[in-house]
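A closer look at the structure
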Amino acid sequence: MSGPTPDSRMKPEAVPLPIIEPFRIKSVEPFRVTERAERDESLQRAGFNLFKLASADVMIDLLTDSGTGAMSSAQWAAVMLGDESYAGSPSFLRFERAVRETTGFEHVIPTHQGRAAEHLLFQTLVKPGHVVPNNTHFDTTRANIEAAGGIALDLPCAESTDTQSAFTFKGNIDLDRLATVLEDQRGNVPLVMMTVTNNAAGGQPVSLQNLTGVRALCLKEHVPFYLDACRFAENAFLVRESTESLSGSTARAVAESIFGLADGCTMSAKKDGLANIGGFLAMRDPILARELRQRLVVTEGFPTYGGMSGRDLDAVAQGLVEVLDEDYLRYRTVSIRYVVTRLVAAGVPVVRPAGGHAIFLDAARFLDHVPRSQYPGQALALELYLEGGVRTCEVGSVMLARTDAQTGQEEPALHELVRLTVPRRTYTQSHMDYVIAIIKRVWERRAGIRGVEIVDAPKVLRHFQATFRRLANHQDPQLKIPHPVGQDV
Ligand SMILES: *Cc1c(COP(=O)(O)O)cnc(C)c1O
């Protein structure tokens, strides 16, 4: 018999193994393989806004990881066990148990998604003029604080602004600034939030040490500490990987430690709940929970279903167990890191280190000949779709620029990024290789890529609705090219 002896397999020069998905595929959802000319037309019909594309015209959809994951066979089985009773459904009891076992928080309030949990919490705790600090507020979090009359304050750590710094915990909050705010605003801070992982800062993890620091400051100032826990499992995994003292812990144990520092959390089950819809609020304070349940009945539903159906409650209960599976978390993070490593090796400007749920291209560097007033992020996102049917999301000045109230002048966003958000368990490693190849092709022909201008845009959340036009060249914004975006100059 030939083949490797047990000894030769143990040798250090053993062939490295490729990343494999720790699951088999039982049900498939085909997508249509489109041609470039067709994608050209689709872009024009969509006014060069990727949010306006029909998903049927997209091959690899990396627009968001929210609610776009694949459920497991165990979750679909749980869906069939869902009990749709208005009150006292066993689905709620299973959901409640799963949330308690994951977070350690006693009081569990189901909501239809994350922002509904935020709405309930802030409408109850935040009064006009209150300041709510966070490492970085997610946009719905900020909107809900502002809707309650509060001020949403971002205090990201200094390392977070440098896209090329290899610092591991770029999701951290600046503890010195937090301490100053808590002192200066004593009596005016109803809670401190921490977003794990820090979505707006690139899905970067927050260290256990940083969270412990926040805990200490909150205790000292008697301010409640809440987590925006949407990606708690990815944060736990990345923290464990980068913290030597935790190397023997399970991701579940690290998650428990993280939740153990906080008084409660808001959660979107569309992220690390591994479900297509759902969310919750969970906390230790029974008096606050009682008040929140009263509000819940008015806006979401009865306390044993909130905004969810019985079958959704069961899907999330099962999802919360699966999301802490070590093999799943390793495959997910290693696969995202693989894309980043390949792009770095090809010289493509990409945000480092790899975050938990997405890959971010630095479009200002990628298209360094396109001025920021001509939206390099939007221009790059259009090219990725055109080249390979890959839908991504601009996170730059289209989404985040601020307009000066006095002058009407636009102030560009901090960074011009293109986000490739990876849905959970949805795409395979060969899809990731395809995406890398498409990015490299666009990189090769970057010199010919032109900027865009906005033709028409609503005043708020304009990135969803705006329409764009491609510019002839960056010297002359007035000169319009009549032919489609696909024709390279
Ligand atoms: C998605 C998200 C939310 C809001 O959750 P929805 O379910 O979309 O309402 C809040 N915070 C963070 C960090 C998120 O990623």
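What you see is a predicted model, and the numbers here were worked out from it, not measured in a lab.

**Notes on the domain arrangement of the protein chain**
Taken domain by domain, the protein chain holds domain 1 (19-65 + 326-470) and domain 2 (73-322). In this complex, domain 1 contributes 26 residues to the contact, which on the side of domain 2 involves 29 residues. Of the roughly 2,300 Å² buried between domain 1 and domain 2, counting both surfaces, carbon and sulfur atoms make up 49%. Broken down residue by residue, the surface that domain 1 buries against domain 2 is led by Glu326, Leu329 and Arg424, which jointly contribute 21%. Summed over the shared surface of domain 1 and domain 2, the result is seven salt bridges.

**Describing the site of the ligand**
In the vicinity of the ligand lie 14 residues, with Arg115, Asp228, Arg231, Ser268 and Lys271 positioned nearest. Ser268 has a polar side-chain atom sitting 2.7 Å from an oxygen atom of the ligand. Residue Lys271 places a side-chain N or O atom 2.8 Å away from an oxygen atom belonging to the ligand. Protein chains shield 97% of the accessible area of the ligand, which is 380 Å² for the free molecule. No other element matches the three residues that helix α5 (residues 114-125) contributes to the shell around the ligand.

**Considerations on the environment of Val132**
Its location among the elements puts Val132 in strand β3 (residues 131-134). Considered as a pair, Val132 and Ala255 are 123 residues apart in the sequence and their alpha carbons are 24 Å apart. Among residues more than four places away in sequence, those in contact with Val132 are Val126, His137, Ile145, Ile151, Ala152, Leu153, Pro190, Leu191 and Met193.

**Concerning the nonpolar core**
With 107 residues, the main nonpolar core has Leu227, Phe232 and Leu361 as its most contacted residues. Here this core gets eight residues from one element, more than from any other, and that element is helix α13 (residues 326-345). Residues lining this core come from more than one domain, with at least three contributed by each of domain 1 (19-65 + 326-470) and domain 2 (73-322). Not counting the four nearest positions on each side in its chain, Phe232 is found in contact with Thr102, Val196, Ala255, Phe259, Met267, Asp272, Leu320, Val323 and Leu324. The next biggest cluster of nonpolar side chains, apart from the first, holds 20 residues, and it includes Ala117, Leu121, Val132 and Met283.

**As for the sheet that holds strand β9 (residues 358-362)**
The three strands are arranged β9-β14-β11 in an open sheet whose pairing can be described as antiparallel. Of all the strands in the sheet, just β9 and β11 (393-395) have a single pairing partner and so form its edges. Shown here is a sheet whose adjacent strand axes are inclined to one another by a mean of 30°, direction ignored. One ladder, built from three bridges, connects β11 with strand β14 (residues 417-421); its direction is antiparallel. What sits directly across from Val395, in β14, is Leu417.

About the criteria used
Residues numbered from 1 in each chain as written. Predicted model: local features only at pLDDT ≥ 70, side-chain atom pairs only at ≥ 80, totals over all residues. Heavy atoms only, no water. Domains from an automatic or database assignment. Contact = heavy atoms within 4.5 Å. Buried area = accessible area lost by both parts, 1.4 Å probe. Salt bridge = Lys/Arg side-chain N within 4 Å of Asp/Glu carboxyl O. Near = heavy atom within 4 Å. Polar contact = N/O pair within 3.5 Å; in protein donor to acceptor, adjacent residues only side chain to side chain. Areas by Shrake-Rupley, 256 points an atom, 1.4 Å probe, with all protein chains shown as cover. Helix = DSSP H or I, 4+ residues; strand = E, 2+ residues; numbered from the N terminus. Core = buried A, V, L, I, M, F, W, Y, C linked by side-chain atoms within 4.5 Å. Buried < 20%, exposed > 50% of the residue type's maximum accessible area, 1.4 Å probe, protein only. Pairing = 2+ DSSP bridges. Axes fitted to C-alpha atoms, helices over the stretch in contact; angles between N-to-C directions.

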